[in-house]
Amino acid sequence: MLKVIVIVGPTAVGKTSLSVKLAKRFNGEIINGDSIQVYKGLNIGSAKVTEDEKQGVVHHLIDYKQLTDRYDVATFQKDAREKIKEISEKGKTAIVVGGTGLYIKALLYDYEFVGNPINIDENKYNEFTNEQLHQKLKELDKQSAKAIHPNNRKRIIRALVMAESGIKKSEQEARQSGTMIYRAKIIGLTMDRARLKERINQRVDKMIEEGLVEETNQLFSNYSLKSQGFTGIGYKELIPYYLKQKDLESCVENIKTHTRQFAKRQYTWFNNQMPVRWYDIEDKDFLDRIYSDVEEFLNG
RNA sequence: GGUCCGAUAGCUCAGUUGGUAGAGCAGUGGACUGAAAAUCCACGUGUCGCUGGUUCAAUUCCGGCUCGGACCA
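Residues numbered from 1 in each chain as written. Chains lettered and ligands numbered in written order. Predicted model: local features only at pLDDT ≥ 70, side-chain atom pairs only at ≥ 80, totals over all residues. Heavy atoms only, no water.

### Let's talk about the environment of Gly9
Summarising the element assignment, Gly9 is placed in the loop between β1 (3-8) and α1 (15-25). Between the alpha carbons of Gly9 and Trp278 there is a distance of 8.6 Å; along the sequence they are 269 residues apart. Setting aside chain neighbours within four positions, we find Gly9 in contact with Lys15, Gly99, Leu189, Gln266, Phe270 and Trp278. (Helix = DSSP H or I, 4+ residues; strand = E, 2+ residues; numbered from the N terminus. Contact = heavy atoms within 4.5 Å.)

Dropping the structure here:
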């Protein structure tokens with residue numbers, strides 16, 4: 001099994017900075033594990049590493065998709081696994097860093113996505129209520145229907161489409177063992193929640209100062225507002241401002257709120273879905289502890 | 001100075017024909033297998049501004065006060 005170092009944690013906690021430090025110290029290359037930073041052009045709002053911050057460290061799976069491209073877990077899983085292989089073969093350390101829980105989990109575990117991504121035409125289901133769709137799924141894939149809440153329309157439809165195409169979601173999942181296919185050292189970065197909030201607010205204000213509005217105005221005038229990349233926090237909230245439907249202040253307030261809520265969901269995921277070893281960045285010796293733990297991991 | 005309106009959850013507000021109250025948002029916890037920065041679920045006790053009075057009982061009715069806001073001077 002290949003070894004991989006993984007850095008996770010809520011947004012704004014400092015994953016990027018740690019990743020570069022580790023890469024430099026342990027001869028590593030970084031693989032982005034973040035669903036929004038893969039997009040070209042989403043720089044300020046996605047808090048993407050700058051050239052300066054990279055300090056010469058090689059970064060993968062960043063800036064490699066057009067805004068209008070679709071992107072999904074399966075693509076990430078495939079591409080990231082390739083990168084881990086390549087980096088390992090060079091004798092270097094693969095460091096995955098990102099906040100997208102599902103992506104990281106699908107990468108590390110034996111999640112299996114068969115076939116090609118299905119184009120889902122949601123309009124096809126417009127005339128049905130949640131209850132009706134759920135009922136329909138119950139007939140085609142009872143297991144999945146049980147696992148998905150009736151109000152979670154998006155997931156019900158996904159499972160429905162899969163069942164109709166001949167691959168039951170529940171069966172696809174049953175084939176998996178639920179074990180990791182890498183030897184992973186999962187580092188979780190954390191800090192006091194109240195102070196993280198404060199930090200998030202400051203970071204959003206800084207993004208505005210650094211020209212997030214200019215960045216988005218540019219992008220919005222060049223790409224469809226429905227582009228997948230614009231579902232990212234920091235972008236979708238500024239669309240109403242771009243369309244002159246809302247004032248800037250309230251849009252910025254929304255960015256802050258959504259970022260906080262996102263951070264909370266990230267905690268829920270990383271606390272409950274993966275074996276994360278947490279390090280509090282406010283402990284004076286957290287870096288040293290990480291260094292020695294990583295060293296032990298790489299030598300062990 | 002006078003008149004009127006408002007004061008209820010962190011915020012915006014609803015409500016109680018008198019029997020101590022509930023929505024949205026925020027917040028907290030949780031779920032998560034092809035859009036995941038997405039999607040979804042659960043959780044609502046707060047001196048009902050303060051103070052007197054009427055009443056078996058007042059957040060609700062009456063008086064005074066305080067603080068907002070509007071209007072008149």
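### What to know about the nonpolar core
Residues Leu22, Leu108, Ile187, Leu189 and Ile290 are the most contacted members of the largest nonpolar core, which totals 70 residues. Leu22 has contacts with Ile5, Ile7, Asn27, Ile95, Ile187, Ile290, Tyr291 and Val294, leaving out every residue within four places of it along the chain. Core analysis: the next-biggest nonpolar cluster, separate from the first, contains 10 residues, Leu133, Ile148, Ala159 and Val161 among them. (Core = buried A, V, L, I, M, F, W, Y, C linked by side-chain atoms within 4.5 Å. Buried < 20%, exposed > 50% of the residue type's maximum accessible area, 1.4 Å probe, protein only.)

### Digging into the packing of aromatic side chains
What describes a pair of aromatic rings is the distance from one ring centre to the other and the angle between the planes of the rings. One pass over the full model with this rule turns up 8 aromatic pairs. An angle of 55° between the planes, with centres 6.0 Å apart, marks the rings of Tyr71 and Tyr103 as tilted. Taken together, the residues Tyr71 in the loop between β3 (59-60) and α3 (73-89) and Tyr103 in helix α4 (residues 101-108) connect sequence positions 32 residues apart. Among the residues examined, Tyr71 registers a relative accessible area of 5% and is labelled buried. On the basis of an interplanar angle of 80° and a centroid distance of 4.9 Å, the ring pair of Phe220 and Phe230 is categorised as edge-to-face. With Phe220 in helix α10 (residues 212-222) and Phe230 in the loop between α10 and α11 (239-242), this residue pair connects regions lying 10 residues apart in the sequence. (Phe/Tyr/Trp six-rings, centres within 6.5 Å; stacked < 30°, edge-to-face > 60°.)

### Some thoughts on the pairing of strand β4 (residues 93-97)
Burial runs high along β4: 5 of the 5 residues are buried. Of the two faces of β4, the one lined by Thr93, Ile95 and Val97 and the one lined by Ala94 and Val96 are each fully buried. Here β1 pairs with β4 via 3 bridges, running parallel. Its bridge partner being in β4, Ile7 is matched across the sheet by Val97. Pairing analysis gives 5 bridges linking strand β2 (residues 28-32) to β4, with the strands arranged parallel. (Pairing = 2+ DSSP bridges.)

### Notes on unusual backbone geometry
Of note, the phi angle at Ala12 is positive, near 75°, even though the residue is not glycine. Mapped onto the elements, Ala12 comes out in the loop between β1 and α1. Residue Ala12 is classed as buried on the basis of its relative accessible area of 11%. One non-glycine residue, Asn27, lies in positive phi territory at about 55°. The topology assignment puts Asn27 in the loop between α1 and β2.

### A word on α3
The α-helix winds at 3.6 residues per turn, so residues separated by three or four positions along the chain end up facing the same way. In this model α3 runs 24 Å from its N-terminal to its C-terminal C-alpha over 17 residues, within 8% of the 24 Å that 1.5 Å per residue would give. Along α3, the positions that sit buried rather than exposed are Val73, Phe76, Gln77, Asp79, Ala80, Ile84 and Ile87. In this structure, the buried side of α3 is in contact with β1, β2, β3, β4 and α4. Residue Asp72 occupies the N-cap position of α3, its side-chain oxygen lying 3.0 Å from the main-chain nitrogen of Ala74. The positive-phi residue at the C-terminal boundary of α3 is Gly91, with phi of around 80°. (Expected span 1.5 Å × (residues − 1). Polar contact = N/O pair within 3.5 Å; in protein donor to acceptor, adjacent residues only side chain to side chain.)

### Things to note about the sheet that holds β4
The 6 strands lie next to each other as β3-β2-β4-β1-β5-β6, forming an open sheet whose pairing is parallel. Each edge of the open sheet is held by one strand with a lone partner, namely β3 and β6 (277-280).

### What to know about a positive patch on the surface
A contiguous patch of positive charge on the surface is contributed by Arg193, Lys197, Lys236, Lys264 and Arg265. Of all the elements in the fold, those that place two or more residues in the positive patch are α9 (193-209) and α12 (248-272). (Patch = residues over 30% accessible without salt bridge, like charges linked within 9 Å, V, L, I, M, F, W, Y side chains within 5 Å. Areas by Shrake-Rupley, 256 points an atom, 1.4 Å probe, with all protein chains shown as cover. Salt bridge = Lys/Arg side-chain N within 4 Å of Asp/Glu carboxyl O. Lys, Arg positive; Asp, Glu negative; His and termini not counted. Charge placed at Lys NZ, Arg CZ, Asp CG, Glu CD.)

### Focus: the side chain of Lys105
Locating Lys105 in the fold gives a position in helix α4. Although Lys105 lies buried, it forms no salt bridge, and the closest oppositely charged side chain, Asp110, sits 9.3 Å away as judged by the N-O distance. Setting aside anything within four residues of it in sequence, one finds Lys105 in contact with Tyr111, Trp269, Gln273 and Met274.

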